[in-house]
Structure formats: structure tokens, C-alpha cells
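# Examining the three-dimensional arrangement
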Amino acid sequence: MTNKKTILTIVIAVIIVLIVGGLAAFYLLPKKQAAVTPTPKQEINALTFYDWWTSPGESAALNALVNIFIKKYPDVAIMPTSVIGGAGYSMLGIIKPLVTAGQAPDSFQMHAGYEGMPYYKAGLLNPVDDIWAKDQLAEVIPSVVQDMNKFDGHYYSVPVDIHRVNIVWYNKKLLERNNIEPLSLASWDAFFAACDKLKTAGISYPISLGESWTASHAFEQIVASQGIDFYQDWVNGKVLSADDPRLLSALGTFKKYLSYVNPDYAKMTWNDATGRVIAGESAFNIMGDWANQEFKLAGKKYGTDYGTIAVPGTESVYGLCIDTFQRPKNIAHPTNADRWLDLVSSKEGQDTFNPLKGSISARTDADISQYDAYQQSAISDFWKAKYMFPSVVHGSGAPQSFKIKLGDIIAEFLANQDVTNTAMAMTNYSAVINDEYTIAWSLK
């Protein structure tokens, strides 16, 4: 009995010691602070973006767009960066390390289509479906233009402009003196007949050509003149037979085209080639509508001194070169990134930017009164175009490797004008890189 009492006394004493000790420990330990939910890092009110627009007209257009942003959001610090020589695929080498290091710009200039594919595959872009939905862009932007801003069914960029590539620029007074009606030149036969007439009249080189990429540009338009079915097959990597009559016809037409060009083309920049038309040394030049600024800088008036027609065989077709902006991953200022995308894709933004740049709005509700005479004609053609196509030469229509190889093939053709071997080189290469054709263009 005594033992039991002793044991019980010891147990009670131990419990008391534990309780007292625990209370003492509680009061002697530092008080635990109340739980605080960490606040997210404050977003700095700034906007950063990269572009390659450095010419006077391009800079003026971009500055006008930035000024609208400043008026809407005057407290935002804007930090644009112009990259000389950063155009096209080469911009990737600048942007990728910035995104990887967590220092991505809030947006950057990029051509639509395949040129954006390396950014997408590298995981550098966030989708912008929300911008397209919120701003209802699909209601005012044509379907092919929409597709050029998508990868795997999602939007990853918004267009800011449209440049047309399938245009013949002509010296109007030179044609008038030789009784040539531009609108009658809707076929290659008619076009070459006009060139023969001009040669007879003493114009030794009726067609002006520049450095090698301008030859690739001209060939691309001749491909488009063979019909939208052929062009669609070409950009989808499905022209795999060197005996394809459409490809042979395109190369044959190009060979004849070259018989009318200035022999010093290799020494000429694209704008020098346009300058030959301005000076009346040549009558025709196939070039994108960035050439319009060259005529304007020379004091020439559209419809009086110069004019345009679609490349023969492409009257109802609009060839596209499109600048876009997007939302990279790891950006520091997502609020202003979205504001920028809203602005560049808006009617107000595009009707401010494009009249100065020489391009047209990607939207079908543009205020046509804001544009010059050439641009108004381009807008009219854009709105009523039966088909549209992405340019290969300007980065959109085909994989980068094909674009580069095409330049090499055309350079070789300029030297030997061998239709058979050129057809084989082009189709063989399309077969070799067949797995790189990851965009299925539907142009009809």
C-alpha cells in the first residue's frame, strides 16, 4: 500500500514538473510573431521593348505610337531599344539570353509566321489569346493574318502593320510616252510585250533589279502568279517533283524576266534599283511597298509620276509581310506589356503608325482617310483580296532553312539560268527538310 502511495506521489510530482516546466518554457521563449502573408513584389510602372526600326520613316512611325501610349499612361517610364541589324531571325540571339536571364523586354518586334517559330519552340513566348479575345481582333483581321500570328492553335503575337510584296512599281510618264497602259499588263505575255516595246524605244533594261535577295523576292512573286494552289503547295513543302509543270513554268518565266534587267544588279541595293525607276532609266521594279517612301522622298507623286500594279497573275492576291509584337516569358511589367499590345493592335494605334511607316493597317476597319494615295489603293486591294499569302523571302511563309537555301539557289540561277537543275535543287531540299514544315498553311 505504501509503495503504491509512493509511486503515485512520484507520478503526480513528475506531471507537475512537466506542466510547470512547459509553462515556464512558453513564457521564457521569445514570443512568436503573428503570421504575415508575404506581399507580391511591386510591379514597377515601366515599359520596355525592342525593335529594329531605325530609318527616318520607321522611327517617326514608332515615335507617334509611343506618344499615344504616353498620353494614355503619362506616369509610365518607357524604355525602347532599337537594335541595328537585329531584324528577323537574328533578333533571336538578342532576345533568348534576356528571357533566360529573367531580363526579358516586355515585348519585341517580330515578323509573323515561321520567323517566330524559334522563339516559340525555345519556350520564350506566352500566348496572347486573352488580348485577341478582349480586343475582339478576330472580327477585324483576316483569317490568313490570324493564322500567321498562331502556333499550335494559340495566338502568340498581334500584328501592327501589313506590307504588300506582290507589286510592280512603274514610271508612269515613261509608260505614257510609249503608249503602254499599265492596267493591261495583267499577264506575263502582256508584261514582256511591253518590255520589248520599251527596248525598241531605247530603254535598254526595262526591268530594274537589285542585290540577290531582291531576285528571290521577284521569283517568289512569280511563284504566286502560278496560282494560289501552287503557292500553297510550295510553302507547305509539297512541291517535291522537279518535273512539276508549275515549278518549271515559274522558273521559265523568271528566266525571261531576267533577260530584261540591268546587268549591274549585283552592285545595287534594293532602293538603288527602285531609284532606276524613279530616274526613268527603267520602267518596272518588283518590290514590297516600303518602296513607296523612296518615290516620296524623291518628290514624286503617286498617280502622276509613278504607279503600281499587282504582279502579273496576282491581281486578286495580297502577299503579306507582317510586323508583330508579343508577350515574352519572364517579363517585369506585365500590366504595361498588355497595354502596349492593346495599343499596337488597336484601330487608333494602327491608323497612327502605318501612314507614317508606309504600310497599312492589319485591320479591316481602318480609317482610309489617314493614308496617302498609294496606301489607299493598297487598303482597297487588301479589303477585297480573294487570297492572301505569307512571304517566304521575308521570313513568314517557310522554315528559315528553306528561306536561306532559296537565296543560294536563286543566286546560282542568276549565274547559270539552268531551269532543270534549279528545279531539282529546290525540290530536293524541300524533301530533305520535310519535317521542318510544321505550319500547315490554308490559303483558300
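Residues numbered from 1 in each chain as written. Predicted model: local features only at pLDDT ≥ 70, side-chain atom pairs only at ≥ 80, totals over all residues. Heavy atoms only, no water.

Residue position: E348 is located in helix 15 (residues 347–357). The partly exposed category is assigned to E348, whose relative accessible area is 42%. Once you skip the residues sitting within four places of it in the chain, E348 turns out to touch I68 and K72. Of the polar contacts made by the side chain of E348, one reaches the side chain of K72; its length is 3.3 Å. (Helix = DSSP H or I, 4+ residues; strand = E, 2+ residues; numbered from the N terminus. Buried < 20%, exposed > 50% of the residue type's maximum accessible area, 1.4 Å probe, protein only. Contact = heavy atoms within 4.5 Å. Polar contact = N/O pair within 3.5 Å; in protein donor to acceptor, adjacent residues only side chain to side chain.)

The pairing of strand 1 (residues 46–51) with strand 2 (residues 77–82) spans six bridges and is classified as parallel. Its bridge partner being in strand 2, A46 is matched across the sheet by A77. Taken together, strand 1, helix 2 (residues 56–72) and strand 2 constitute a β-α-β crossover, and its handedness is right-handed. (Pairing = 2+ DSSP bridges. Right-handed = clockwise from strand over helix to strand, strands pointing away.)

Below, the discussion takes up the sheet that holds strand 1. Read from one edge to the other, the open sheet built from three strands follows the order 2-1-3, with strand pairing classed as parallel. Each of the sheet's edge strands pairs with one partner strand only, and the pair in question is strand 2 and strand 3 (107–108). Packing of helix 14 (residues 334–344) onto the sheet brings it into contact with strand 1 and strand 3, and relative to strand 1 it is tilted by some 55°. (Axes fitted to C-alpha atoms, helices over the stretch in contact; angles between N-to-C directions.)

One broad trend across soluble globular proteins is that nonpolar side chains are buried collectively. Counting 137 residues, the largest nonpolar core has F219, W234, F254, Y257, F284 and W340 as the members making the most contacts within it. Not counting residues up to four positions away in its chain, the partners in contact with F284 are V168, W169, Y170, L175, L185, F191, C195, L198, P206, I207, S208 and V277. (Core = buried A, V, L, I, M, F, W, Y, C linked by side-chain atoms within 4.5 Å.)

This next bit is on unusual backbone geometry. For N179, which is not a glycine, the phi torsion comes out positive at approximately 55°. With respect to the helices, strands and loops of the structure, N179 is situated in the loop between helix 7 (172–177) and helix 8 (188–200). Judged by relative accessible area, which is 66%, N179 ranks as exposed.

It is worth spelling out the packing of helix 2 against helix 14 at this point. The packing of two helices is summarised by the inter-axis angle and the distance between the axes. At their nearest, the axes of helix 2 and helix 14 sit 11 Å apart, and the two run at 125° to each other. Judged on the interaxial angle alone, helix 14 and helix 2 are oblique. As for the relative orientation of helix 2 and helix 14, their crossing is right-handed in sense. On the side of helix 2, the interface is formed by L62, L65, V66, I68, F69 and K72, while helix 14 contributes N336, R339, W340, L343 and V344. (Parallel < 35°, antiparallel > 145°, perpendicular 65-115°, else oblique. Left-handed = near helix turned anticlockwise from the far one by under 90°.)

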